[in-house]
Amino acid sequence: MFSRFSRKALFLLCLVMICSVALFGFVACNDNGDDGGDLPDPYADWMSWIPDDVMYRDISLPLTHNSGCIDVWALKGRFPQEVRNCQQGTIYDQLMYGVRSFDLRMTTDERTGKIVCSHGTGYGIPLEEVFADMARFTAEHEGEFITMWVKLYDSNPYSHAKAEVVKETFEILEPEKYFMDDSYNINEMTMGEIRASGKRYAVRCDESWCDYVNTTCIFPRTYNGEYNSGALEKGEECYDYMWDCLKNADENERIRLSLQRGAGGIVGDVTPFQFMKYDREYFLELMEKIASDEHALKVCAGASIDFATYDYVQCGKVLELNVYKGVVKDPDTYLKLLQERYSLPPVDLDGRDEALEEA
C-alpha cells in the first residue's frame, strides 16, 4: 500500500507526464512557425505550393536569359569579357532561387572541344555541367518541372555545336524516361497532370536534330531590339513597352517578359549586370502594376531575367505574382516566407555596385 507521500509523488509525476505530452503535441502541431518549420521552401520547392488543379499556363515562373553564361571566357571581339556574362550563379543556384526555364545556346569551346553555353563569341559553362545540375536538383526536389530552349548557336563564326554531341549529353537527364515529347501539350495540362506524368523536363529545340521536341514550351515574347537594346538610360522606355505588350494582349495569350537588355553595338562597355541594377526601379514598378491589374496579371506567365541570383528580389517578385493570381496554397504563409528572403539588403558582389556608379 502506498503512503500518502508516495501517492502524492505519483500524482505529481503523472501530472508532469500529461503536461509534457500536451506540450509536445502543441509544439508538433505548431512546427510550421515563424520560420516556416517543415513547409516547402518558397523558392526551391515553389511548385509544390501550387494545387493540382491549377493550369501550368496560368502560373508565373522565373526564366533565365543566356542561362549558362557564367564566368564567360571571351574568345574574340572588341567588347570586355563582362559584357558576355548574363548570370553569376550556377544552374543549380538558379534552380534553388526558383528558376524553372532556361535559355541554352550551344557552341564548341575551341580550347577543350566541349559543348558549352555561349553568348556571342564567349564561352560559358559546359553543357554537361548544366544537365548534371538539373539532374541533381530534380532528384532532390520531386515535382519541380523544368523547361528549356536548346539552340545550336550559329551566330558564333568561330565554332559551332554538333547536334549529335548535344543529343549524347541529353542522356544525363534520361530523356526516354523524363522528357515530354510533342504528344504532351503542357499548356493544356494542370500541375496535377504534369506531376502524374512522372516527367521532369520539356525541351524546345530544332526538330531536324532533336528527338524530344515540345513546341508548347512558352518562352519570352516581348524582346524588341528597339527597346531592349541601346543606351543604359532607355530602361523606362523598355519597361513601358513590356507593359504595353501585356495590356494589349488577348486574354487567352500567355506572355513571358524579356526583362534583359543589352547595349549591342551602341554602348559596348555596359554590362548586363549594370543594366539589371539600373533597371531595378522600373522592374519593381512593372511588377506592382501587373499585380494590381487583372488583365495583365492573367496574361503574364513569368519573366526572363539576367543575374537572377544577384539577390532574391527578381525571382521573388515574379513568384509573388502567383499569390495575386490566386494559385498558391496558404497564400498568406507563402507570401510571408517569400518576402522574408528578398527583403534583405541587396548583396554587393565584388564591388560591382561601385562599378555601376561609374558606368
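Visitor: Explain the nonpolar core to me, and be specific about the residues and the numbers.
Guide: Residues Ile59, Leu104, Met134, Met148, Val150, Leu257 and Ile290 are the most contacted members of the largest nonpolar core, which totals 90 residues. Of all the elements, helix α8 (residues 235-247) adds the most residues to this core, at seven residues. Among residues more than four places away in sequence, those in contact with Leu257 are Pro220, Thr222, Met242, Leu246, Leu286, Met287, Ile290, Cys300, Gly302, Ala303 and Ser304.

Visitor: Please provide a residue-by-residue account of the environment of Cys300, values included.
Guide: Counting through the fold element by element, Cys300 comes out in strand β10 (residues 300-305). Separated by 45 residues in the primary sequence, Cys300 and Ile255 place their C-alpha atoms 5.1 Å from one another. If near-sequence neighbours (up to four positions away) are discounted, Cys300 is found in contact with Leu246, Ile255, Leu257, Ile290, Leu321 and Lys325.

Visitor: Pulling in residues and values, what's your account of the pairing of strand β1 (residues 61-64)?
Guide: Neither face of β1 is exposed, since Leu61 and Leu63 on one face and Pro62 and Thr64 on the opposite face are all buried. Strand direction decides the pairing type here: β1 and β10, joined by four bridges, are parallel. If you follow Leu61 over to β10, its bridge partner there is Gly302.

Visitor: Outline the environment of Trp46, listing residues and values.
Guide: Along the polypeptide, Trp46 turns up in the loop between α1 (4-29) and β1. Measuring from C-alpha to C-alpha, the distance between Trp46 and Met96 comes to 9.6 Å, with 50 residues separating the pair along the chain. When near neighbours in sequence (up to four residues on either side) are disregarded, Trp46 contacts Asp41, Ile59, Ser60, Leu61, Pro62, Gly98, Arg100, Glu144, Leu319, Asn322 and Tyr334. Of the polar contacts made by the side chain of Trp46, one reaches the backbone oxygen of Gly98; its length is 2.9 Å.

Visitor: Pulling in residues and values, what's your account of the side chain of Thr147?
Guide: Along the chain, the position of Thr147 falls in strand β6 (residues 146-152). With relative accessibility at 0%, the residue Thr147 sits in the buried group. In this view, Thr147 contacts Tyr56, Arg100, Ser101, Phe102, Ile186, Ala202, Cys217 and Phe219; residues no more than four positions away in its chain are not counted.

Visitor: Give me the side chain of Asp45: which residues, what numbers.
Guide: By the element assignment, Asp45 lies in the loop between α1 and β1. With no salt bridge to any partner, buried Asp45 finds its closest opposite charge in Arg100, at an N-O distance of 6.1 Å. A polar contact is formed between the side chain of Asp45 and the side chain of His141, at a distance of 2.7 Å. Asp45 has contacts with Pro40, Arg100, His141 and Glu144, leaving out every residue within four places of it along the chain.

Visitor: Please set out the packing of aromatic side chains residue by residue, giving values where relevant.
Guide: Using the criterion set out here, one finds 16 aromatic pairs in the structure. Judged by centre distance (4.9 Å) and plane angle (55°), the rings of Trp49 and Tyr334 are tilted. Of the two residues, Trp49 sits in the loop between α1 and β1 while Tyr334 sits in helix α13 (residues 331-342), which places them 285 residues apart along the sequence. The exposure classification of Trp49 matches that of Tyr334, with both residues buried.

Visitor: Hey, could you go over the state of the cysteines for me, with residue numbers and the actual values?
Guide: Taken as a whole and assessed by the stated rule, the structure comprises one disulfide. Disulfide pairing places Cys205 opposite Cys210 at an S-S distance of 2.4 Å. Of note, the bridge from Cys205 to Cys210 carries an S-S torsion of about -40° and is left-handed in sense. Relative accessible area serves as the criterion here: at 6%, Cys210 is assigned to the buried category. With no disulfide of its own, Cys69 has Cys86 as its nearest cysteine by sulfur position, at a separation of 5.5 Å. For Cys69, a relative accessible area of 1% gives the class buried. Free cysteine: Cys238, not disulfide-bonded; nearest cysteine sulfur from Cys245 at 9.3 Å. Residue classification places Cys238 among the buried residues on the basis of a relative accessible area of 0%.

Visitor: Residue-level account of the packing of α8 against helix α10 (residues 280-291), with values.
Guide: The angle between the axes and the distance between the axes are what describe a pair of packed helices. Contact geometry of α8 with α10 gives a least axis separation of 10 Å together with a crossing angle of 20°. Viewed along their axes, α8 and α10 adopt a mutual orientation that is roughly parallel. The hand of the α8/α10 crossing is right-handed. Across from Gly235, Glu236, Tyr239, Met242, Trp243 and Leu246 in α8, the residues of α10 making contact are Tyr282, Phe283, Leu286, Lys289 and Ile290. In terms of residue class, the contact of α8 with α10 is built from eight nonpolar, one polar and two charged.

Parameters and conventions
Residues numbered from 1 in each chain as written. Predicted model: local features only at pLDDT ≥ 70, side-chain atom pairs only at ≥ 80, totals over all residues. Heavy atoms only, no water. Core = buried A, V, L, I, M, F, W, Y, C linked by side-chain atoms within 4.5 Å. Buried < 20%, exposed > 50% of the residue type's maximum accessible area, 1.4 Å probe, protein only. Helix = DSSP H or I, 4+ residues; strand = E, 2+ residues; numbered from the N terminus. Contact = heavy atoms within 4.5 Å. Pairing = 2+ DSSP bridges. Polar contact = N/O pair within 3.5 Å; in protein donor to acceptor, adjacent residues only side chain to side chain. Lys, Arg positive; Asp, Glu negative; His and termini not counted. Salt bridge = Lys/Arg side-chain N within 4 Å of Asp/Glu carboxyl O. Phe/Tyr/Trp six-rings, centres within 6.5 Å; stacked < 30°, edge-to-face > 60°. Disulfide = S-S within 2.5 Å. Axes fitted to C-alpha atoms, helices over the stretch in contact; angles between N-to-C directions. Parallel < 35°, antiparallel > 145°, perpendicular 65-115°, else oblique. Left-handed = near helix turned anticlockwise from the far one by under 90°. Nonpolar A, V, L, I, M, F, W, Y, C, P; charged D, E, K, R; others polar.

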